[in-house]
There are 6 protein chains.
Amino acid sequence: MFLQIEKFLTESEVRSIGDMSSRVKFIDGRRSNPHNTRKTNLIADPADSVGQQISQIALNALQRSDEARDFVFPKRVAIPTLSRYEVGMTYGAHIDSAFLPVGPQPLRSDVSCTIFIANADDYEGGELIVHLGSQLVRLKGAAGSAVFYASTAIHQVLPVTSGVRLVVITFIESQIPDPMERDMLYALGEVRALEAAKMDWRNRTQLDYVIENLRRMWSR
Amino acid sequence: MFLQIEKFLTESEVRSIGDMSSRVKFIDGRRSNPHNTRKTNLIADPADSVGQQISQIALNALQRSDEARDFVFPKRVAIPTLSRYEVGMTYGAHIDSAFLPVGPQPLRSDVSCTIFIANADDYEGGELIVHLGSQLVRLKGAAGSAVFYASTAIHQVLPVTSGVRLVVITFIESQIPDPMERDMLYALGEVRALEAAKMDWRNRTQLDYVIENLRRMWSR
Amino acid sequence: MFLQIEKFLTESEVRSIGDMSSRVKFIDGRRSNPHNTRKTNLIADPADSVGQQISQIALNALQRSDEARDFVFPKRVAIPTLSRYEVGMTYGAHIDSAFLPVGPQPLRSDVSCTIFIANADDYEGGELIVHLGSQLVRLKGAAGSAVFYASTAIHQVLPVTSGVRLVVITFIESQIPDPMERDMLYALGEVRALEAAKMDWRNRTQLDYVIENLRRMWSR
Amino acid sequence: MFLQIEKFLTESEVRSIGDMSSRVKFIDGRRSNPHNTRKTNLIADPADSVGQQISQIALNALQRSDEARDFVFPKRVAIPTLSRYEVGMTYGAHIDSAFLPVGPQPLRSDVSCTIFIANADDYEGGELIVHLGSQLVRLKGAAGSAVFYASTAIHQVLPVTSGVRLVVITFIESQIPDPMERDMLYALGEVRALEAAKMDWRNRTQLDYVIENLRRMWSR
Amino acid sequence: MFLQIEKFLTESEVRSIGDMSSRVKFIDGRRSNPHNTRKTNLIADPADSVGQQISQIALNALQRSDEARDFVFPKRVAIPTLSRYEVGMTYGAHIDSAFLPVGPQPLRSDVSCTIFIANADDYEGGELIVHLGSQLVRLKGAAGSAVFYASTAIHQVLPVTSGVRLVVITFIESQIPDPMERDMLYALGEVRALEAAKMDWRNRTQLDYVIENLRRMWSR
Amino acid sequence: MFLQIEKFLTESEVRSIGDMSSRVKFIDGRRSNPHNTRKTNLIADPADSVGQQISQIALNALQRSDEARDFVFPKRVAIPTLSRYEVGMTYGAHIDSAFLPVGPQPLRSDVSCTIFIANADDYEGGELIVHLGSQLVRLKGAAGSAVFYASTAIHQVLPVTSGVRLVVITFIESQIPDPMERDMLYALGEVRALEAAKMDWRNRTQLDYVIENLRRMWSR
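Residues numbered from 1 in each chain as written. Chains lettered and ligands numbered in written order. Predicted model: local features only at pLDDT ≥ 70, side-chain atom pairs only at ≥ 80, totals over all residues. Heavy atoms only, no water.

Participant: Describe the interface of chain A and chain B, listing the residues and the values that go with them.
Facilitator: Interfaces are frequently sized by the accessible area removed from exposure as the parts join. Between chain A and chain B, the residue contacts involve 24 residues of the former and 24 residues of the latter. With both chains or domains summed, chain A and chain B bury close to 2,100 Å², and 66% of this area falls on carbon and sulfur atoms. On the chain A side of the contact with chain B, Met184, Asn203 and Tyr209 of chain A bury the most area, a combined 24% of that side's loss. The interface formed by chain A and chain B contains two salt bridges. Inspection of the region where chain A meets chain B yields eleven residue pairs in polar contact (both at pLDDT 80 or more). Elements with a minimum of two residues in the side of chain A that touches chain B: helix H4 (179–195) and helix H5 (201–218) of chain A. Considered class by class, the residues forming the side of chain A that touches chain B number 14 nonpolar, three polar and seven charged. (Contact = heavy atoms within 4.5 Å. Buried area = accessible area lost by both parts, 1.4 Å probe. Salt bridge = Lys/Arg side-chain N within 4 Å of Asp/Glu carboxyl O. Polar contact = N/O pair within 3.5 Å; in protein donor to acceptor, adjacent residues only side chain to side chain. Helix = DSSP H or I, 4+ residues; strand = E, 2+ residues; numbered from the N terminus. Nonpolar A, V, L, I, M, F, W, Y, C, P; charged D, E, K, R; others polar.)

Below is the structure:
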């Protein structure tokens, strides 16, 4: 399942990250996936303090977004990384590693997040493609928008053919790791948020009963 | 979870079974559980045609009851049996067998059903006791009422101290064998039945989405 | 996951169904989902012998297709139905029922299949839309092609704005009901089919070991 | 399942808590569940040092009770809270939240515990009612007794009609979150504790084999 | 897990099968697994009436053996096949197919069974080897003995270097498909069979409670 | 499943441990399992600094071994313990406890590891026997070799009849606690390690897709 959030970052946050991106030190993106010979992009050096400021802006946005929280059920978030694709750069079809070596305990990547910094018409190519068997979902958002999707899908970034693709990406460990279960809880949560006030007390309690017990059953 | 349904049988059905119970041939109830040395009751002989008519009345009631169907998610029903406890008769604490040798494929007993034929004040003692650890649930219904409960619980029938306890019992294999999962689907089904008409189309579809997919996941 | 198969029906089969579709008796499509007030289409009368011939052609195609079998792991198939959408007809967003009342035992609908009879440029509108949260997958295939997708997704058919949309649809109960598990077994099966001949004997046996045991674990 | 433990607190502990309860600062109980408009009770201010002493007495009792440990399989315990219901106060039917915001990582509430401080005949009304579908379990214990039950059940506290209801409540995250699985392990543990000494060595080892492996399988 | 049963067939049954084996028509064993290029053995023609008599003897033995039933929890049994390995014949390391095309519905092979007809010292080589990672279990039984083991393991038959290896093999679909779960139920069943008579009534009921509910949970 | 690794310790590490073993303080092995009346062995005192050096050597070997890591998917490792069996000492058939009280959070013992320090011909008896129902696996390795096996199996150490058995043992909590699931992931990992370089890019990505998603599903 996908959740696209427009204006996930404010315009001023997008501008700040855009400005900082010209000062940050970039390194070879293969550092995070050395075995993928089809990956050629640049990522902000995690040791660079400008890059760290960018990460912090993205983390703040993740923390304040109710929509993201209701969809993702976040448990832990990896440090967001600014990523830059110049003309010809690409990231071949791949699956994100189940566990990322983050801190003392590896982080299970359940949900992937791409925040678009460059605007969709600032560059050609560079679409994020999610493979669903023979169908492909193509994602290219407005600056400041974010898209969340299950890390369980094969995906790729098409080669950039003009301009520069600038995105911030991160990975989230969810309290509800199974994508289908997580989506059902999101759906019930929406029903509760939008309909509970109109419901008979007893039915509302029954809905709570199911939601809370599914969270108990499915959390991991 | 328990479901007690008043007037599960009509008054005339209760009267018919009462009348027939004086003509039916009874045999030793231990036939269905020979290892339980604490069982002393009588059951209608399955080969007796009067007993078969009684079974059919109970089956008809099960088939026409929407409440029972929504709570039980029935897949197969064992042939209901008239059971008679005279003074001093009892059935010690026990758990129903997981599988009953019914027809070519054994029937998994997921839900137990007791239909009360004698009225609660026609006999003393004879309560159906369901053990929930240190708490006991005591069940003794009006003639024609039925109670459904998970076959997973230890239960017993207390000794009858006066009068005659007459009940029809049966076992049902459910599409949703896990008691907790079955109860959550029942709760969501009630919410849908009672609230969907008031809901926004999109939320109603989300609720359908969850219910149908939980049924897919949990059926066995 | 989606599987689109081009030329699932031969050209002559498509022509036959097209011809027969002008002679078959159509009835109101709401018959199969009376609660959906947003459904207005026509389906071939299941009692009509012409419609039955159409169903048989579709069943034959399903049985001979190795691609479909490897993707679906079919256990039971519902009788395929010719469906007709004239201008203005539509099927609002909905989820397919978990169980269809087919024969003595209900059929769990795990995989949905649409076979396109009218060509994509014979009608406007009428796209099959599969909802994946905020992203939509739009499906409109060439005559004779088929698309298979998990019945667990909310989907709809957009209103036809010109021409006639003619499709055959069916539902399949899979040996592997969970969509993710089914897709993983499909992926491993492809790896085996395409790579096993090149593999060292021991590794090939290890791959068999995993595939056969996942099928044991995940079948239901 | 329920476990009622008499004399869970010593008489002197009950007296101490009773004495301290007259000095502790109480605040509106809705603080812990602001959405429940049917909740009107008082809880000891978590910042009050007298309340903290009360919590510590309850924690000590939980730690020393073998019965509680064998039934609950505790992993983490929320800080117990003294709760006071005066005449007219009540807590409507509700389900406990799956996760409580306790410390850096939320605590999953698997088992709920009520320790009775006021004696059952010190107040009228105020029963703790656990809903099991159409059957209700009514709980009102002697001072110093405790009752443990699965947090998965809908429950309520009836309005107090005279006197004051004084209880300490807490929530426990269990190593075995599923209530049915937890109860089966409790049952096997009792069989081992009471019968293993009489068993043949081989059978005893077989019983250990099952218990230890179920704990591996079911812990989360 | 393994179960070796001595004298699974009577001496006269072994003799009968031995006699019939000289009259039965053998065909190439690859018929049941054409892809395994390392299989060279002979199997009795399923269409041959002598072979059918042999199968019937094996089926009878399976049905009368309480030990086999308690270990296997049989649901369906494939028709047993007499298999013959002459000098040089072998069956390379492989895993049994998850599903066998037996009758209208495929049979899931959960438990494999080999009944030894030739005596262990009638031939050299021909050991049944079950692979457990780096350890191998070697099985070569006395005439009339049978060995049952989970079909989930990779196994092979070593080349016969002298004499003739004669065995009857079959595959069983179990009510409890998971090998570990099946073994735990077998262990608890043994404890009940051997210890229940000595147990306190309450503990015995608790043990029944666990066994019957695990069977409900784990059957498939 | 078993994994035996030859030369898990270097010759010099074996010699060091052998030397230190003559200086270390031994205590009664029952300390770690006081209920097992059939355990008579000696273990190095955890408080002894020489014993701690031995533990560190074993931990280093575990950390550097790719083979062990690929087979075990380690999450936490208990401190390895030197264990000494003199003539007549033994450890009766038992199952390792599911949880060991190690540090603030108990460690789930999923994989057991024995590192042989004394050479197989330095002592008679003392075999490690793993029970697989009616078959036994006998393990007695060369000095410096290690064997890993699922902690879910009943096992024992036969009485030593001459010489001294010296081993280091430890317990590992695995990211993949289920033995069968862990073994399937190990098998797929081997296929990837040995065959991926030869595979078509698409098939390799499909294999990655399955491996990473099974790790997500099965980790706990």
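Participant: Tell me about the packing of H5 of chain A against helix H4 (residues 179–195) of chain B, and name the residues and values.
Facilitator: Relative orientation of the contacting elements H5 of chain A and H4 of chain B amounts to 145°, with a least axis distance of 9 Å. Between H5 of chain A and H4 of chain B lies a crossing whose hand is left-handed. On H4 of chain B, the residues that touch Arg202, Asn203, Gln206, Leu207, Tyr209, Val210, Asn213, Leu214 and Met217 of chain A of H5 of chain A are Met180, Glu181, Asp183, Met184, Ala187, Leu188, Glu190, Val191, Leu194 and Glu195 of chain B. Within the contact of H5 of chain A with H4 of chain B, the residues separate by chemical class into eleven nonpolar, three polar and five charged. (Axes fitted to C-alpha atoms, helices over the stretch in contact; angles between N-to-C directions. Left-handed = near helix turned anticlockwise from the far one by under 90°.)

Participant: Quick one: what's the story with the sheet that holds strand E7 (residues 90–94) of chain C, residue by residue and with numbers?
Facilitator: Residue and element names in this part refer to chain C. Ordered in space as E3-E7-E15-E12-E13, the five strands form an open sheet in which the pairing is antiparallel. Where the open sheet ends on each side, the last strands, each with one partner, are strand E3 (39–40) and strand E13 (135–139). Across two bridges, the pairing between E7 and strand E15 (residues 155–157) is antiparallel. Of the residues in E15, the one forming a bridge with His94 is His155. (Pairing = 2+ DSSP bridges.)

Participant: Can you break down the interface of chain C and chain A residue by residue, with the values?
Facilitator: Taken together, the contact pairs 13 residues of chain C with 13 residues of chain A. In total, chain C and chain A occlude about 1,200 Å² of area from one another, counting both sides; carbon and sulfur atoms represent 65% of this. Broken down residue by residue, the surface that chain C buries against chain A is led by Phe2, Leu132 and Gln135 of chain C, which jointly contribute 40%. For the interface between chain C and chain A, the tally reads zero salt bridges. In this assembly, chain C and chain A are joined by eight residue pairs in polar contact (both at pLDDT 80 or more). Counting residues per element, the ones that place at least two in the side of chain C that touches chain A are strand E1 (2–5), strand E12 (128–132) and E13 of chain C.

Participant: Could you give an account of the sheet that holds strand E12 (residues 128–132) of chain A, with specific residues and numbers?
Facilitator: Read from one edge of the open sheet, five strands run E3-E7-E15-E12-E13 (chain A), paired in antiparallel fashion. Bordering the open sheet on either side are strand E3 (39–40) and strand E13 (135–139) of chain A, each of which pairs with just one other strand.

Participant: For the environment of Asp208 of chain F, give the residues involved together with the corresponding values.
Facilitator: With respect to the element layout, Asp208 of chain F can be found in helix H5 (residues 201–218). Along the backbone, Asp208 of chain F and Pro179 of chain F are 29 residues apart, and their C-alpha atoms lie at a distance of 21 Å. Residue contacts for Asp208 of chain F: discarding those within four places in its chain leaves Ile95 of chain A together with Arg192 of chain F. Only 2.7 Å separates the side chain of Asp208 of chain F from the side chain of Arg192 of chain F, close enough to count as a polar contact.

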